[in-house]
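Below, each chain spelled out in residue letters.
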Amino acid sequence: MWKGRFQVETSNLVQAYGESISFDWRLYPYDVEGSIAHAAVLQDAGILTKAEEKEIAKGLREIKKEIDAGEFEFKTSLEDIHMNIESALTEKIGDVGAKLHTARSRNDQVALDVRLYCRDETNQIHELLTGMQSALLKLAQNHPEAVVPGYTHLQRGQPVLFAHHLLAYIEMFERDKGRLADCYKRINVMPLGSGALAGSTIPLNRKVAAEKLNFPALTQNSMDAVSDRDFIAELLFDLSMIGIHLSRISEDVILWASAEFGFIELSDAHTTGSSLMPQKKNPDVAELTRGKTGRLTGNLVSILTTLKGLPMTYNRDLQEDKEPLFDSIDTVKIALEVFAEMMSEAKIKEEITAEATSDPFLLATDIADYLVLKGVPFRHAHEIVGKLTAYSLNEKQAFQQIPLQQYREFSDTFEDDVYQVLEVKTALKARKATGAPSPGNVNRQISKWQKKLEKKDSL
Ligand code: ARG
């Protein structure tokens, strides 16, 4: 389709090296949609008659149907999706098809296709994130009273409601949704009409295409428009961040599902066995998700490295944007789906989490707070409770078992009411500030999310 000035055929090796049809074929619905919009622009500019525009649109829709049905033969010799479709159109409707590429280059065409694709996929991922949040919420609602030790440094720290731990992930995924919504604004700009790099001498009303394709804005610089892939880099960052959040839950799930923790039971449907050890029930979904995050991060680095050092404007390097983009989108979508399914069917083993939370040392901070509320400066209180902890360990006596006289050896501020502090329920109830895990707060958060997630909130 560009061989006018060439005398020698493209080498087979170069064809194999340069083709992108093996992966960009999946842009076909967007390529067709974009071309129909371009035909409308050409009609508006007087290049096509109304009848010709119609014929082109009809031919393109037929081609789309053929591809949908798996009846279209993609040709490597035609390099990419754009030339495959255009060539099929001309075969189908003759010379009218040959008018379609007027005032257009594959440079603005591919920029448009990828934006349309990203727009669709970003919307879908936004919805899948809501699905993931709903699955976590359901798990929290199924176990509203389950308690669990909260950890820092993977050492037991302070007691929390299990629901509070799950709500933490819901917050993370909400930020991911916010990032996608923000990126969406920069995806949602229409580049068609930028031509190869300098627009066209044919007077185009680009707004005609923008309206047809539902874009609220037009790109404002033709050179930038054909070479801008910032939105892909941004999206790949957002997807990496989603992956990193999923990988962090994966790590928790893997720990929780181990015999050492035993906090959670995953459904048989979401675990696998070992070909050698009959007793095994492995959390493969979580492990795979943790593993796939490596690829997501790799894809981000890949696009950033491709973009670095490109002179203006379009360079063929940009063809390398697609495989990492497609891979990250596919990976995040299936990971969110499978994870949501797994979490909504998981069970928290409440006796075991309660047992772990009965570790008296989880209340050490609360004893220090008790002293503070009676006027002891926190640093002194911290030291007193540190000594009390050493005593408890040496004497093998839990805080609850240590008699009051003994408490008073450490500080005469201790009184009878210290034993009230030594209850997990009291400890939770007292944590009332915004964001803290008192049962009242957690319940309010659960109802808030319930309402919020029910609302359809597409981008
Ligand atoms: N397959 C190319 C890509 O994905 C399409 C644009 C080709 N443009 C060109 N001037 N060779 O980037």
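Every value quoted in this text rests on a predicted model; they were computed, and no experiment measured them. (Residues numbered from 1 in each chain as written. Predicted model: local features only at pLDDT ≥ 70, side-chain atom pairs only at ≥ 80, totals over all residues. Heavy atoms only, no water.)

Draft legend 1. Structural view of the overall build of the protein. Regarding its fold elements, the protein presents 19 helices and 4 strands. The C-alpha radius of gyration of the protein comes to 30 Å, more than 25% above the 23 Å expected for a compact globule of 459 residues. Residues counted as buried form 48% of the 459 residues belonging to the protein. For the protein, long-range pairs separated by at least 24 residues make up 76% of all intrachain contacts whose partners lie at least 6 apart in sequence. For the protein, the exposed area adds up to about 22,900 Å²; of that, 53% sits on carbon and sulfur atoms. When the 54 basic and 67 acidic side-chain charges of the protein are each reduced to a single mean position, those positions are 3 Å apart. (Helix = DSSP H or I, 4+ residues; strand = E, 2+ residues; numbered from the N terminus. Rg over C-alpha atoms; globule rule 2.2 N^0.38 Å. Buried < 20%, exposed > 50% of the residue type's maximum accessible area, 1.4 Å probe, protein only. Contact = heavy atoms within 4.5 Å. Areas by Shrake-Rupley, 256 points an atom, 1.4 Å probe, with all protein chains shown as cover. Lys, Arg positive; Asp, Glu negative; His and termini not counted. Charge placed at Lys NZ, Arg CZ, Asp CG, Glu CD.)

Draft legend 2. How the structure looks around the pattern of salt bridges. What the rule picks out here adds up to 31 salt bridges. Here Glu62 ties to Lys58 by a salt bridge, and the two come within 3.4 Å at their closest N and O atoms. Of this pair, Glu62 and Lys58 are both found in helix α4 (residues 50–68), 4 residues apart, which corresponds to roughly one turn of the helix. Note on Glu62: relative accessible area 32%, which makes it partly exposed. Take Lys58: its relative accessible area is 55%, and that puts it in the exposed class. Between Asp182 and Arg186 there is a salt bridge, and its shortest N-O distance comes to 2.7 Å. One end of the pair, Asp182, and the other, Arg186, are both in helix α7 (residues 162–187), 4 residues apart, so they sit about a helical turn from each other. The structure contains a network of salt bridges with shared partners spanning Lys58, Glu62, Glu66 and Lys92. (Salt bridge = Lys/Arg side-chain N within 4 Å of Asp/Glu carboxyl O.)

Draft legend 3. Region of interest: the site of the ligand. Neighbouring the ligand are Ser20, Asp80, His82, Arg106, Asn107, Val110, Tyr314, Gln319 and Lys322. Between a nitrogen atom of the ligand and a side-chain N or O atom of Asp80, the distance comes to 3.1 Å. Note that an oxygen atom of the ligand is positioned 2.5 Å from one of the side-chain N or O atoms of Tyr314. A total of 350 Å² of accessible area belongs to the ligand in isolation, and the protein chains cover 87% of it. Looking at the shell around the ligand, the element that brings in the most residues is helix α6 (residues 106–142), giving 3 residues. (Near = heavy atom within 4 Å. Polar contact = N/O pair within 3.5 Å; in protein donor to acceptor, adjacent residues only side chain to side chain.)

Draft legend 4. Layout of the pairing of strand β1 (residues 147–152). Sheet analysis places β1 next to strand β2 (residues 155–161), joined by 6 bridges and oriented antiparallel. Looking across to β2, one finds that Pro149 is bridged to Pro159. Counting the residues that bridge the hairpin from β1 to β2 gives 2 residues, and of these His153 lies at a positive phi of roughly 55°. (Pairing = 2+ DSSP bridges.)

Draft legend 5. Looking closely at the packing of helix α14 (residues 364–373) against helix α15 (residues 378–395). The contact between α14 and α15 brings their axes to 9 Å, and the two run at 135°. The orientation of α14 with respect to α15, classified from their angle, is oblique. The crossing of α14 and α15 is right-handed. Across from Ala364, Ile367, Ala368, Asp369, Leu371 and Val372 in α14, the residues of α15 making contact are Phe378, Ala381, Ile384, Val385 and Leu388. Grouping the constituent residues of the contact of α14 with α15 by class yields 10 nonpolar, no polar and 1 charged. (Axes fitted to C-alpha atoms, helices over the stretch in contact; angles between N-to-C directions. Parallel < 35°, antiparallel > 145°, perpendicular 65-115°, else oblique. Left-handed = near helix turned anticlockwise from the far one by under 90°. Nonpolar A, V, L, I, M, F, W, Y, C, P; charged D, E, K, R; others polar.)

Draft legend 6. Geometry of the state of the cysteines. Scanning the entire structure with this criterion turns up 0 disulfides. Of all cysteine sulfurs in the structure, the one in Cys183 sits closest to Cys118, which takes part in no disulfide; the separation is 7.5 Å. (Disulfide = S-S within 2.5 Å.)

Draft legend 7. Focus on the nonpolar core. The biggest cluster of nonpolar side chains holds 105 residues, and the ones touching the most others in it are Met132, Leu325, Phe339 and Met343. At 15 residues, α6 tops the list of elements feeding residues into this core. If you look at the next biggest cluster of nonpolar residues, it comprises 18 residues, including Ala364, Ile367, Val376 and Ala381. (Core = buried A, V, L, I, M, F, W, Y, C linked by side-chain atoms within 4.5 Å.)

Draft legend 8. A look at the packing of helix α3 (residues 28–44) against helix α5 (residues 81–93). At a minimum axis distance of 10 Å, the contact between α3 and α5 shows a crossing angle of 60°. Taken together, α3 and α5 sit at an angle that is classed as oblique. As for how α3 packs across α5, the hand of that crossing is right-handed. On α5, the residues touching Tyr28, Asp31 and Val32 of α3 are Ile81, His82 and Ile85.

Draft legend 9. Main features of the packing of aromatic side chains. What the rule picks out here adds up to 13 aromatic pairs. With 6.0 Å between their ring centres and 75° between their planes, Tyr30 and Tyr117 make a pair best called edge-to-face. Taken together, the positions of Tyr30 in helix α3 and Tyr117 in helix α6 put the pair 87 residues apart, joining distant regions of the chain. Neither residue differs from the other here; Tyr30 and Tyr117 are each classed as buried. One aromatic cluster is present, built from ring pairs that chain together Trp25, Tyr28, Phe72 and Phe74. The cationic tip of Arg5 hangs over the ring face of Phe6; the distance from NZ or CZ to the ring centre is 5.8 Å. A cation over an aromatic ring shows up here: Arg26 above the ring of Phe326, its NZ or CZ 4.5 Å from the ring centre. (Phe/Tyr/Trp six-rings, centres within 6.5 Å; stacked < 30°, edge-to-face > 60°. Lys NZ or Arg CZ within 6 Å of the ring centre and 35° of its normal.)

Draft legend 10. Spotlight on the environment of Glu409. In this structure, Glu409 sits in helix α16 (residues 404–410). When the C-alpha positions of Glu409 and Ala196 are compared, they lie 84 Å apart, and in sequence the two are 213 residues distant.

Draft legend 11. Molecular detail of the environment of Gln7. Considering the arrangement of structural elements, one finds Gln7 in the segment before α1 (12–18). A relative accessible area of 81% means that Gln7 is categorised as exposed. In this structure the C-alpha to C-alpha distance between Gln7 and Ile47, which are 40 residues apart in sequence, comes to 31 Å.

Draft legend 12. How the structure looks around the side chain of Thr353. Secondary-structure assignment places Thr353 in helix α13 (residues 350–357). The exposure class of Thr353 is buried, given its relative accessible area of 0%. Apart from the residues lying within four places of it in its own chain, the contact partners of Thr353 are Val147, Val148, Pro149, Phe162, Phe263 and Ile348.

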